[in-house]
Amino acid sequence: MRTRPVARTLQYVAVVVYLVFLAFPLLWLLSSSLKSPREFASVTPSLLPKDIDFGNYSDALNEQGLVRGLMNSLQISIASTILVLIVSLPVAYALARFRSRLRPVTNGWILVSQVFPVILIVIPLFMILRPLQLTNTIPGVVIVYMVWSMPFALWMLQGYVAAVPRELEEAASVDGAGRLRTIVSIVMPLLRPGLIATAMFTFISAWNEFFFALVLLQDPELKTLPLVLARFVGAEGQVQFGPLAAASVLATVPSLVFFAFLQRRLTSGLLSGAVKG
């Protein structure tokens, strides 16, 4: 009987250690964004800033076009997420519900596509998009991000669709509901956790992506947030640590807000699904 309190205490200790492990980089980043250039030059770094300096934030906002890059990334990430959900849901439903000889081939291709390195496909993508005049455009980057995130989104949603009991759809069909009405009224509410998880993955993937945007976007007005952050490294490799830390903090806020907003919907979706079950 004494082993249970000890095991529970160890579990709490493990959770606390894990939270500290996750929070420490964010705390260090926030602390670095408030340090002066003199503290960065110090031989003995400190966790907390000795003299709080908000000049790093003004430098990041005024000199590097951070707000424009943030708005570009936000626009691209939201558009990619919406398109991935719209396209992936019916395809995942078809793969999970309809038996076909092409299903194993399709699932195999979904897995194999995740193995390809980015550098292997970026040049063919560029050659395809250039005749269509989609290079150096936000719609072109949105299409690339959508295609890149689609395989993993299909794999996730296919598992969620397969977990929905077929009896619910059969009962709706007996009541006279068509296939589209069944998907909208019966299947989609039960897929809310899967849709939210897919949206989180797609948004974060598009928000943090660097290489595709580096190759496809040349106009400074269209640069995404990761490309703007790369400007804080000088031509000679000298990094502006203070403004870079401040810009990174500002770049983290939208993704945290998006994740917190969808996390509440994810929890409510899981609870509602448990009640319905």
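Above this text is the structure in question.
Each chain has its residues counted from 1, following the order in which its sequence is written. At least 70 in pLDDT is required for a residue's local features to be given in this predicted model, at least 80 for side-chain atom pairs to be given and counted, and no such filter applies to totals for whole chains, interfaces and linings, which use all residues. In computing side-chain properties, one takes all heavy atoms of the structure into account and sets aside hydrogens as well as water.

Student: Looking at this structure, I do not really get the overall build of the protein. What am I missing?
Tutor: The helix and strand inventory of the protein stands at 13 helices and zero strands. Rg of the C-alpha trace for the protein: 23 Å, well past the compact-globule value of 19 Å for 277 residues, more than 25% over. For the protein, the spread of C-alpha atoms along the principal axes amounts to about 75 × 70 × 30 Å. When a residue's accessible area, from a 1.4 Å probe over protein chains only, is under 20% of the maximum for its type it is buried; when over 50% it is exposed; and in between it is partly exposed. Sorting the 277 residues of the protein into buried and exposed places 36% on the buried side. Of the roughly 16,900 Å² that the protein leaves accessible, carbon and sulfur atoms contribute 70%. A run of H or I in DSSP counts as a helix once it spans at least four residues, and a run of E counts as a strand once it spans at least two, with each numbered from the N terminus. For the radius of gyration, the atoms used are the C-alpha atoms, and the globule rule reads 2.2 Å times the number of residues raised to 0.38. Where accessible areas are quoted, they stem from the Shrake-Rupley method and a 1.4 Å probe; at the residue level, only the protein chains shown are allowed to cover.

Student: Is there a simple way to think about the packing of helix α6 (residues 118–129) against helix α7 (residues 138–163) in this case?
Tutor: Every axis in this analysis is a line fitted to C-alpha atoms, fitted for helices over the stretch in contact. Angles between the N-to-C directions lie between 0 and 180 degrees. Viewed as axis vectors pointing N to C, α6 and α7 meet at an angle of 135°, and their least axial separation amounts to 12 Å. When the axes of α6 and α7 are compared, the pair comes out oblique. In this structure, the crossing between α6 and α7 has a hand that is right-handed. Side by side, α6 and α7 meet where Val118, Ile121, Leu125 and Leu129 of the first sit next to Gly140, Val144 and Trp148 of the second. All residues other than Ala, Val, Leu, Ile, Met, Phe, Trp, Tyr, Cys, Pro, Asp, Glu, Lys and Arg, Gly among them, are scored as polar; the first ten of these are nonpolar and the last four charged. Considered class by class, the residues forming the contact of α6 with α7 number six nonpolar, one polar and no charged. Small angles under 35 degrees read as roughly parallel and large ones over 145 as roughly antiparallel, with 65 to 115 read as roughly perpendicular and the rest as oblique. Crossing handedness follows the turn of the near helix against the far one: under a right angle anticlockwise gives a left-handed crossing, and clockwise gives a right-handed one. Contacts are residue-level and defined by heavy atoms, with any inter-residue pair within 4.5 Å sufficient.

Student: Is there a simple way to explain the side chain of Lys35 in this structure?
Tutor: Locating Lys35 in the fold gives a position in the loop between α1 (3–33) and α2 (37–40). Given the relative accessible area of 5%, Lys35 is considered buried. Beyond its immediate chain neighbours, meaning those up to four positions away, Lys35 contacts Trp28, Phe40, Ser46, Leu47, Pro49, Asp51, Asp53 and Asn56.

Student: Hey, could you run me through the packing of aromatic side chains in this one?
Tutor: Aromatic ring pairs are defined here through the distance separating the ring centres and the angle between the ring planes. When the centres of two rings from Phe, Tyr and Trp lie within 6.5 Å, Trp using its six-membered ring, the rings pair. Their planes under 30 degrees apart give stacked, over 60 give edge-to-face, and anything left gives tilted. Scanning the model with the defined rule gives four aromatic pairs in all. Our definition puts a charge over a ring when NZ of Lys or CZ of Arg is within 6 Å of the ring centre and also within 35 degrees of the ring normal. Just above the ring of Trp28 sits the side chain of Lys35; from NZ or CZ to the centre is 4.8 Å.

Student: Could you clarify how one ought to interpret the side chain of Ser88 in this entry?
Tutor: For Ser88, the location among the structural elements is in helix α4 (residues 66–97). Given a relative accessible area of 0%, Ser88 falls into the buried group. Beyond its immediate sequence surroundings of up to four residues, Ser88 is in contact with Met150, Ala153, Leu154 and Leu157.

Student: Quick question: what am I supposed to make of the layout of surface pockets here?
Tutor: The rolling of a water-molecule-sized probe over the atoms marks out the regions of remaining empty space. Considered as a void within the structure, the largest pocket measures approximately 350 Å³ in volume. A cavity here means a set of points on a 1 Å grid, drawn over the protein atoms and nothing else, where a 1.4 Å probe fits but cannot get out; a pocket is an open set with protein on both sides within 12 Å along at least five of seven lines, and a residue lines either one if it has an atom within 4 Å of a point. Surrounding the largest pocket, 18 residues form its lining, Ser113, Ile121, Val147, Trp148 and Pro151 being those nearest its centre. Top contributing element to the lining of the largest pocket by residue count: α7, with six residues. Counted by class, the lining of the largest pocket contains 15 nonpolar, three polar and no charged residues. Grid points are joined across faces, edges and corners, and a volume is the space filled by probe spheres set on the points.

Student: I'm lost on the pattern of salt bridges in this one. Help?
Tutor: Where charged atoms of side chains with opposite charge meet at close range, the side chains can pair. Any Lys or Arg side-chain nitrogen located within 4 Å of an Asp or Glu carboxyl oxygen qualifies as a salt bridge. The full count for this structure, using the stated rule, is one salt bridge. In this structure, Arg68 and Glu221 form a salt bridge, with 3.3 Å as the shortest nitrogen-oxygen distance. Taken together, the residues span a long stretch of sequence, with Arg68 in helix α4 and Glu221 in the loop between α11 (211–216) and α12 (225–230) at a distance of 153 residues.

Student: Would you mind going over empty space enclosed by the protein with me for this structure?
Tutor: Summed over the entire model, instances satisfying the criterion amount to one cavity of 30 Å³ or more. The computed volume of the largest cavity comes to approximately 40 Å³. When contributions to the lining of the largest cavity are tallied by element, the ones reaching two or more residues are α7 and α10 (192–208). Here the lining of the largest cavity is composed, by residue class, of three nonpolar, four polar and one charged.

Student: Looking at this structure, how should I read helix α5 (residues 102–113)?
Tutor: Residue pairs three or four apart in sequence face the same way in an α-helix, which turns once every 3.6 residues. Along its twelve residues, α5 runs 16 Å from first to last C-alpha, staying within 8% of the 16 Å computed at 1.5 Å per residue. Along α5, the residues classified as buried are Arg103, Asn107, Ile110 and Ser113. In an axial view of α5, the angular spread of the buried residues amounts to 130°, which keeps them on one side of the axis. The exposed set on the far side of α5, more than 90 degrees from its buried face, consists of Pro104, Val105 and Trp109. In this scheme, a helix's expected span is set at 1.5 Å multiplied by one less than its residue total. The directions considered for the arc are those from the helix axis to the C-beta atoms.

Student: For this particular structure, what's the right way to read the nonpolar core?
Tutor: Note on soluble globular proteins: their nonpolar side chains tend to be buried together. In plain words, nonpolar cores are sets of buried Ala, Val, Leu, Ile, Met, Phe, Trp, Tyr and Cys residues tied together by side-chain atoms within 4.5 Å. Membership of the largest hydrophobic core comes to 18 residues, with the highest contact counts inside it found for Tyr93, Leu154, Val161, Leu191 and Leu195. For this core, the secondary structure elements donating two or more residues are α4, α7 and α9 (179–190). In contact with Leu195, not counting residues within four places along its chain, are Leu85, Leu89, Leu157 and Met188.

Student: Explain the environment of Val187 to me, please; I cannot follow it from the model alone.
Tutor: Tracing the backbone shows Val187 in helix α9. Those residues in contact with Val187 that sit more than four places away from it in its chain are Tyr93, Glu169 and Thr182.

These values are about where atoms sit, not about what they do.
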